[in-house]
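# Inside the fold
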Amino acid sequence: MSLILDNISKHITLSEEEKSLFLSKTETKKVKAKTMLLNAGEISKYSYFVNEGILRSFTINDNIVEHILSFACADWWIGDMYSLISKKTGHLFIEVIEDAELVLLSRENQEELSRTPNG
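Keep in mind the model is a prediction, meaning the values are calculated, not measured.

## Description of the pairing of strand β4 (residues 66-72)
Of the strand pairs in this sheet, strand β3 (residues 46-60) and β4 are connected by six bridges, and their pairing is antiparallel. Bridging across to β4, L55 finds its partner in A72. The turn linking β3 back onto β4 is made up of five residues, and I64 within it adopts a positive phi angle of 60°.

As structure tokens, this is what we get:
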């Protein structure tokens with residue numbers, strides 16, 4: 001879990017207690033290539049941090065043409081922030097394109113962490 005803590009430490013400094021609290025609110029999951037983590041029309045429940053592997057986010061237009069918006073490899077975050085924050089259906093697909101190990105941070109836990117004093 002040091003990769004995600006290293007990533008966060010580029011932006012803020014956490015105490016050991018805050019690091020433990022943050023990690024307690026995450027879930028690590030191994031996911032196979034070609035797995036769809038999110039489909040357009042769904043409400044996003046997670047932000048994903050990539051420990052290993054590669055993911056992509058994309059949309060599909062009316063002519064059924066894919067438009068890749070971003071790739072995420074190790075030490076990178078990916079998600080549909082509009083859907084996650086608004087709790088409304090999104091337009092993004094998120095697909096694992098290389099076997100991955102992900103850290104999942106749910107909307108509920110993200111909100112809880114943002115309310116934590118000194119957090």
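## Thoughts on the nonpolar core
Membership of the largest hydrophobic core comes to 13 residues, with the highest contact counts inside it found for L37, Y48, L55, I78, I94, V96 and L102. The set of elements that each furnish at least two residues to this core consists of β2 (36-38), β3 and β6 (93-106). Sorting elements by how many residues they give to this core places β6 first, with five residues. Leaving out residues up to four positions away in the same chain, Y48 has contacts with L37, W76, W77, I78, I94, L102, V103 and L104. I4, F49, V103 and L113 belong to the second largest nonpolar core, which has nine residues in total.

## What to know about the environment of K88
Its place among the elements puts K88 in the loop between α3 (81-86) and β6. Judged by relative accessible area, K88 falls into the partly exposed class, the value being 49%. Separated by 46 residues in the primary sequence, K88 and E42 have C-alpha atoms spaced 7.9 Å apart.

## Overview of unusual backbone geometry
Trans peptide bonds make up the majority, and among non-glycine residues the majority have a negative phi. In the Ramachandran plot, I64 falls in the positive-phi region, its phi being about 60° despite a non-glycine side chain. Locating I64 in the fold gives a position in the loop between β3 and β4. Classification of I64 as exposed rests on a relative accessible area of 72%. Here the phi dihedral of D75 falls at roughly 75°; this positive angle occurs in a residue that is not glycine. Among the secondary structure elements, D75 is positioned in the loop between β4 and β5 (76-78).

Parameters at a glance
Residues numbered from 1 in each chain as written. Predicted model: local features only at pLDDT ≥ 70, side-chain atom pairs only at ≥ 80, totals over all residues. Heavy atoms only, no water. Pairing = 2+ DSSP bridges. Helix = DSSP H or I, 4+ residues; strand = E, 2+ residues; numbered from the N terminus. Core = buried A, V, L, I, M, F, W, Y, C linked by side-chain atoms within 4.5 Å. Buried < 20%, exposed > 50% of the residue type's maximum accessible area, 1.4 Å probe, protein only. Contact = heavy atoms within 4.5 Å.

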